[in-house]
Amino acid sequence: MPPGAFDPAVGDPSDRTSDTASILGAASDRMAWRLAVDAAGVGAFVWDLVADDLRWDGRLIELFGLDEESFGGTIKDFNRLVHPDDLARVSDALQRAIDTCGDYHAEYRIVQPSGHVRWIEARGRAYGEHPGGQAVRLVGAAYDTTAVRDGEARIGRVLESMSSAFFQLDEDWRFTYVNSEAERLLGAGRADLFGQSIWEAFPAAVGSPFEEHYRGAAATGQPVSFEAFYPPPLDAWYEVRAWPSPEGLAVYFVDITSRREAQDALDRAARRLALLASVSESLTSTLDPTEGVSRLATHLVPEVGDWCLVTLVEDPHASDWRRGLRDVGWSHRDPALEETLRLYAAQRLRAMTDASYLARTIRDMTPVLMESDAAEQVAAVLVPGRARELLSELDPASAVIVPLRARGRTVGVVSVFRGAGRAAYTRDDVVLLEDIGSRAALALDNARLYASQRDVSEALQRSMLTEPPHTDELEIVTRYAPAGEAARIGGDWYDAFLQHRGPAGSSPDVVVVVGDVVGHDVEAAAAMGQVRGLLRGIAVHSGDAPAAILSGVDAVMESLRLETTATAVVARFEQVPGTRERVLVRWSHAGHPPALLVSADGEVTALADVTANDLLLGLDPATPRGERSTLLEPGATLFLYTDGLVERRGRDIDAGVRALAARLREIAPEAPELDVMCDLLLEEMIGDKPEDDVALLAVRLRGTQVL
């Protein structure tokens, strides 16, 4: 050991006693301590402040890169080894310990004689000769922290170079580290943030998801991951991951504003497409114009607006443009204001001036955008009165008025409004509403065209279905139900007329017919008119029985080259000679469902078997036509019908005929009036939307017995 060197395992030689046994007894403990110190790489020092004598053990001499000869043993020798940038800080730490007889702690760099720079961390304590006296000695230990510092430097370089922002908070939520990316995203330098509480530096975080998750992680010791928005001045969305530790909270975060905006844009596009699809499906699922536009209002609220009005242009040539309009649909997201909106819709058209935005939209066929002050702008084109008062209650902040254009004309107008609690309308909203408006306009115009065609077609169809004759013996009831989704014109028909075949003055027979020309369009209806006219003419002129009438129709259809086919059933009611109470009915089928005879006591009989039915009209004029007959009892009823009454998807004609017969047995006792029976049959067999046209004809023999 060199002169001045200090061995803490032996102690100061001047402090030895003659108690050899005591020294030997403690030797093992000191050896254990020395081994532990050596293992940790710790060196010890004693600085005699009075003599300015600095003594180091061998480990410390080695840490400083010295040997026994080169160590000077004074504080000046030590100071020469400390890095110049750290010397003042180390000297201050030593002086504070000496002045207070307190602890000494410093971490600093040294420059070894070889030129290598090492990090040293030292801890010690100053002692006085007497309690409360001046310090005369400072004892301590030091160890090499270069490896730790290098690791921290590497971590620091990683943290500084990574694209994610990072900061460290201590247990009191103060910033202890901020990397450069965090400085950029937070808009504050690390010098300003170090030592400052996050809640003070970023007050908007208080009470936000940031505080909720940070405190939750600290309380549970579990890491958290979340997305949250920080308002201006940052005005950005962040994806955050926070890990708690004994030192505080480590936080990594990235700015995901662009990603959120892109996702929001995709969500808006998806909602827009879904809305367009929903509107299109809703509008095309009905052929009623008024129902269609009323559905449009409910689709737009609340997705596009807080409330909405839909207006039809019913008469574009009206002398007063207001009289040509009608508000037919409205909806409000607040049920409490629905009645107010209804009253406003009833008042506003009459209260509008010629400067109205509605008139401008219809005239110019262009949308109107009110980005703000919508209530004031709309009120300005209303005459003072009730409409203005109702508008004040509705209190719109922004509005868009879009014309519904189809085939070069305006067929309606959609007006949507938002209150102050929602974002104002923009040009993007106008584009969306124009897209919706174009679809709605086309659907509305198609519905109007369909309605017009339907009315004309139905009028044409019914013009061919004449009223049956009235006789004392027979009660005849007819019904016609057009298909629910078709153009309401087809080949089904019924007919009833008188046939004179006996001597003059004799009672005429009654012939009834139900038929169905193949097809469901205007051509089928035209063909039906021809076949119906042929059959009626042949029957009246010839006086033939049903089978002969059908054969005659077959022959004429071939001769005239009518390119059509049809089913039919013809029945003739003949008075039995010598009595007024019994009537004979003859019938013949041409590929038609069987007529059903309901007796006075409710028995149902099919007057032809489906499998044995004759060939359709128009196929083979040489085919023989069968004919059958039966006597009718008073109160008996004959039902003739087309296949639309008994056939539908999932049920064939045979099953339908059986179902009809069963229903007749049930309702006959409950509905003695023939009109009631026919209505019940239609309601229960086909409902309000028949899949096919239905013609129904019922004949009841009057008498003392009734059903």
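No experiment lies behind these values; they were computed from the predicted model shown.

Asks: Mind showing me how you'd approach the packing of helix α19 (residues 653-667) against helix α20 (residues 674-686) here?
Replies: Helix packing for two helices is described by the angle between their axes and how far apart those axes are. Two numbers describe how α19 lies on α20: the axes approach to 11 Å, and their chain directions differ by 135°. It follows from the interaxial angle that α19 and α20 lie oblique. Read as a crossing pair, α19 and α20 show a hand that is right-handed. On the side of α19, the interface is formed by Gly656, Ala659, Leu660, Arg663, Leu664 and Ile667, while α20 contributes Met677, Leu680, Leu681, Glu684 and Met685. When grouped by side-chain class, the residues that make up the contact of α19 with α20 number eight nonpolar, one polar and two charged.

Asks: Help me understand the pattern of salt bridges in this model?
Replies: Between side chains of opposite charge, a pair can form when the charged atoms approach closely. Enumeration according to the criterion identifies 40 salt bridges in this entry. Taking the shortest distance from any N to any O, the salt bridge between Arg80 and Asp77 comes out at 2.0 Å. Taken together, the positions of Arg80 and Asp77, both in helix α3 (residues 75-81) and three residues apart, correspond to about one turn of that helix. On the basis of relative accessible area, Arg80 is assigned to the exposed category, the value being 60%.

Asks: Hey, could you run me through the packing of helix α12 (residues 338-351) against helix α15 (residues 386-394) in this one?
Replies: Between α12 and α15, the shortest axis-to-axis distance is 8 Å and the interhelical angle comes to 140°. Comparing their axes, α15 and α12 come out oblique. Seen along the crossing, α12 lies across α15 with a hand that is left-handed. Residues Thr340, Leu341, Leu343, Tyr344, Gln347, Arg348 and Ala351 of α12 form the contact with α15, whose own contacting residues are Arg386, Ala387, Leu390, Leu391, Glu393 and Leu394.

Asks: How do you make sense of the nonpolar core when you look at a structure like this?
Replies: A general tendency of soluble globular proteins is for nonpolar side chains to be buried together. Within the largest apolar cluster, 49 residues are counted, with the highest numbers of intra-cluster contacts made by Val512, Leu535, Phe573, Leu638 and Leu697. The biggest single contributor to this core is helix α17 (residues 522-542), with seven residues. Residue contacts for Leu638: discarding those within four places in its chain leaves Ala571, Phe573, Val585, Ala595, Leu596, Leu597, Leu607, Leu697, Ala698 and Val699. Leu66, Leu81, Val82 and Leu138 belong to the second-largest nonpolar core, a separate cluster that totals 30 residues.

Asks: How should I be thinking about the side chain of Thr340 in this particular structure?
Replies: Within the element layout of this structure, Thr340 appears in helix α12. By relative accessible area, which is 10% here, Thr340 ends up buried. Not counting chain neighbours up to four residues away, the residues in contact with Thr340 comprise Leu390, Glu393 and Leu394.

Asks: How should I be thinking about the sheet that holds strand β19 (residues 566-575) in this particular structure?
Replies: Two strands in a sheet stick together by hydrogen bonds in their backbones, pointing the same way (parallel) or opposite ways (antiparallel). Across the sheet, five strands lie side by side as β17-β18-β19-β20-β23; this open sheet has antiparallel pairing. The open sheet terminates on both sides in strands that have one partner only, identified here as β17 (492-499) and β23 (628-632). Taking each pair of neighbouring strands and ignoring which way they run, the sheet shows an average axis angle of 20°. Lying over the sheet, helix α18 (residues 546-559) contacts β17, β19 and β20 (583-590), oriented at roughly 30° with respect to β20.

Analysis parameters
- Residues numbered from 1 in each chain as written.
- Predicted model: local features only at pLDDT ≥ 70, side-chain atom pairs only at ≥ 80, totals over all residues.
- Heavy atoms only, no water.
- Axes fitted to C-alpha atoms, helices over the stretch in contact; angles between N-to-C directions.
- Helix = DSSP H or I, 4+ residues; strand = E, 2+ residues; numbered from the N terminus.
- Parallel < 35°, antiparallel > 145°, perpendicular 65-115°, else oblique.
- Left-handed = near helix turned anticlockwise from the far one by under 90°.
- Contact = heavy atoms within 4.5 Å.
- Nonpolar A, V, L, I, M, F, W, Y, C, P; charged D, E, K, R; others polar.
- Salt bridge = Lys/Arg side-chain N within 4 Å of Asp/Glu carboxyl O.
- Buried < 20%, exposed > 50% of the residue type's maximum accessible area, 1.4 Å probe, protein only.
- Core = buried A, V, L, I, M, F, W, Y, C linked by side-chain atoms within 4.5 Å.
- Pairing = 2+ DSSP bridges.

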